[in-house]
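This is what each chain is made of:
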Amino acid sequence: MTEPLLSVRDLCVDFITPGGPVRAVDRVSLDLHKGEILGLAGESGSGKSTFAQALLRILPAPAVIRGGEVRFEGQDLLSLDEGGLRKVRWTRISMVFQSAMDALNPVLKVGAQIADTIQAHDPVSADEARERAATLLEQVGIPRDRLDSFAHQLSGGMRQRVGIALALALEPSLVILDEPTTALDVIVEREILQEIRQLQRQRGFAVLFITHDLTRMLQFSDRVAIMYAARLAEVGPAAVIGSAPRHPYTQGLLRAFPSLHDEPGVVRSSIPGAPPRLASAPSGCRFAPRCPQAMPRCTESGPSLVTIAPDHRADCRLLD
């Protein structure tokens, strides 16, 4: 295996509150290789988006990075100043947000926004930047005559495609997709993910794909990581996670999603209870209060990631 494009070790992020710091990402370690799609799944509040924002150091206040290492293409991103970060953001790492309107300016035409992004990092003429913007729109399935449209004149799916075009404008080597299709219907969602997959194969960039939809992630990703209550619960190849998950939380997530291929009589069930409040997270395994397989020792001390196979790890005392 070659050196990873992105290597994260023991990343910790706290939210500073009047009651004290609350840990939102707790010692998460992940690798992402060139040309790979890594899915990151978990319930709302598990820390997925906070993890992604920490990579780009765009965390909103009052979040702060408390420790760990983030190395990208050999650089330590946590040690870079603003000038160094500017050379990385969007040129080497870009992001597609959950809501396209988070990235689009409502008073600028979409073509102008893409062209401005290009010219901010690449000294090309206005005509060349506009032509590149038109080509990008066509690559994501939007006619070039939409260059002069405002965001509000586009459908939700088209706005999200413009967000993808913006993310690809400077040919980054890593694109972060932060729940990019959550607000879209399933047909448009599938079309957009297929387009991203095709572009990814053509250009060779890596993808960090964040979603709460585990079944969609398993279809789209090469490897999958599962987060629960700020910690990494399981990580492994998508085919293995889909067929033989080892963490009870991953197993519960898979049981909760209906499938078109369910045999007659298959009963789907949700995971009882709710994730813990991070301000008062339980000692030991954080999933233990909801886990049907919990043992007394699960509440006594926290588990650590156990290597099941060379590329498959799970954070569970059942595997000790």
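What you see is a predicted model, and the numbers here were worked out from it, not measured in a lab.

Visitor: Which residues make up the pattern of salt bridges, and what values go with them?
Guide: The tally for this structure, following the rule as stated, stands at 19 salt bridges. Note that Asp-26 is salt-bridged to Arg-27, the shortest N-O span being 3.2 Å. Glu-131 is the partner of Arg-144 in a salt bridge, and the nearest nitrogen-oxygen pair spans 3.1 Å. One end of the pair, Arg-144, is in the loop between helix H4 (126-139) and helix H5 (156-168); the other, Glu-131, is in helix H4, with 13 residues separating them in the sequence. Since its relative accessible area comes to 33%, Arg-144 is described here as partly exposed.

Visitor: For the sheet that holds strand S5 (residues 75-76), give the residues involved together with the corresponding values.
Guide: An order of S2-S1-S4-S5 is seen for the four strands of this open sheet, with the pairing classed as antiparallel. Each edge of the sheet is formed by a strand with only one pairing partner; in this case those strands are strand S2 (20-32) and S5. On the sheet, helix H1 (residues 48-56) packs against strand S1 (6-17), S2 and strand S4 (63-72) and is oriented at approximately 110 degrees with respect to S1.

Visitor: Requested: an account of H1, with residues and values cited.
Guide: Along H1, eight of the nine residues are buried, which leaves the element largely enclosed by surrounding structure. Among all positions in H1, only Lys-48, Thr-50, Phe-51, Ala-52, Gln-53, Ala-54, Leu-55 and Leu-56 are buried.

Visitor: Break down the packing of helix H3 (residues 110-121) against H5 for me, citing the residues and quoting the values.
Guide: Across the interface, H3 lies against H5 with an axial gap of 9 Å and an inter-helix angle of 15 degrees. What the angle tells us is that H3 and H5 run roughly parallel. Handedness of the crossing formed by H3 with H5: right-handed. Taken together, the residues of H5 that come into contact with H3 (itself represented by Val-110, Gln-113, Ile-114 and Thr-117) are Val-162, Ala-165 and Leu-166. For the contact of H3 with H5, a count of residues per class yields five nonpolar, two polar and no charged.

Visitor: For the sheet that holds strand S3 (residues 37-41), give the residues involved together with the corresponding values.
Guide: Here we have eight strands laid out as an open sheet, ordered S6-S7-S8-S3-S9-S10-S12-S11, and mixed in their pairing. The two strands at the open ends of the sheet, each matched to only one other strand, are strand S6 (93-96) and strand S11 (305-309). For this sheet, the mean inter-axis angle between neighbouring strands, taken without regard to orientation, is 20 degrees. Of the pairings in the sheet, the one linking strand S10 (residues 231-237) to strand S12 (residues 312-315) comprises two bridges and is antiparallel in character. Its bridge partner being in S12, Glu-234 is matched across the sheet by Ala-314. Each of S6 and strand S7 (174-178) touches H5; the most contacted strand, S6, lies at about 175 degrees to it. The sheet contacts of helix H9 (residues 248-256) involve strand S9 (223-228) and S10, and relative to S9 the element is tilted by about 105 degrees.

Visitor: Hey, could you go over unusual backbone geometry for me, with residue numbers and the actual values?
Guide: A cis geometry characterises the amide bond from Ala-61 onward to Pro-62, with omega recorded as 10 degrees. With respect to the element layout, Pro-62 can be found in the loop between H1 and S4. With a phi angle near 55 degrees, Arg-27 is a residue other than glycine that sits in the positive phi range. As for its placement among the helices and strands, Arg-27 is situated in strand S2. The phi angle at Ala-229 is positive, at roughly 50 degrees, despite the residue not being glycine. Along the polypeptide, Ala-229 turns up in the loop between S9 and S10. Residue Ala-229 is classed as buried on the basis of its relative accessible area, which comes to 3%.

Visitor: Account for the packing of aromatic side chains, naming residues and giving values.
Guide: The geometry of an aromatic ring pair comes down to the distance between the two centres and the angle between the two planes. Using the criterion set out here, one finds four aromatic pairs in the structure. Summarising the aromatic geometry, the rings of Tyr-228 and Tyr-249 are spaced 4.5 Å apart at their centres and angled 55 degrees between planes, so their arrangement reads as tilted. With Tyr-228 in strand S9 and Tyr-249 in helix H9, the pair connects residues that are 21 residues apart, well separated along the chain. The burial state of Tyr-228 is the same as that of Tyr-249; both residues are buried. Among the aromatic residues, those joined into a ring-pair cluster are Tyr-228, Tyr-249 and Phe-287.

Visitor: Describe the pairing of S3, and please don't skip the residues or the numbers.
Guide: Counting buried residues along S3, five of its five residues qualify, which places the element largely inside the surrounding structure. Residues Ile-37, Gly-39 and Ala-41 point to one face of S3 and Leu-38 and Leu-40 to the other, with burial holding for every one of them. One ladder, built from five bridges, connects S3 with strand S8 (residues 206-211); its direction is parallel. Following the sheet pairing, Ile-37 is matched in S8 by Val-207. Relative to S9, S3 runs parallel, the two sharing four bridges. Along S9, the bridge assignment pairs Leu-38 with Arg-223.

Reading the values: the criteria
- Residues numbered from 1 in each chain as written.
- Predicted model: local features only at pLDDT ≥ 70, side-chain atom pairs only at ≥ 80, totals over all residues.
- Heavy atoms only, no water.
- Salt bridge = Lys/Arg side-chain N within 4 Å of Asp/Glu carboxyl O.
- Helix = DSSP H or I, 4+ residues; strand = E, 2+ residues; numbered from the N terminus.
- Buried < 20%, exposed > 50% of the residue type's maximum accessible area, 1.4 Å probe, protein only.
- Pairing = 2+ DSSP bridges.
- Contact = heavy atoms within 4.5 Å.
- Axes fitted to C-alpha atoms, helices over the stretch in contact; angles between N-to-C directions.
- Parallel < 35°, antiparallel > 145°, perpendicular 65-115°, else oblique.
- Left-handed = near helix turned anticlockwise from the far one by under 90°.
- Nonpolar A, V, L, I, M, F, W, Y, C, P; charged D, E, K, R; others polar.
- Phe/Tyr/Trp six-rings, centres within 6.5 Å; stacked < 30°, edge-to-face > 60°.

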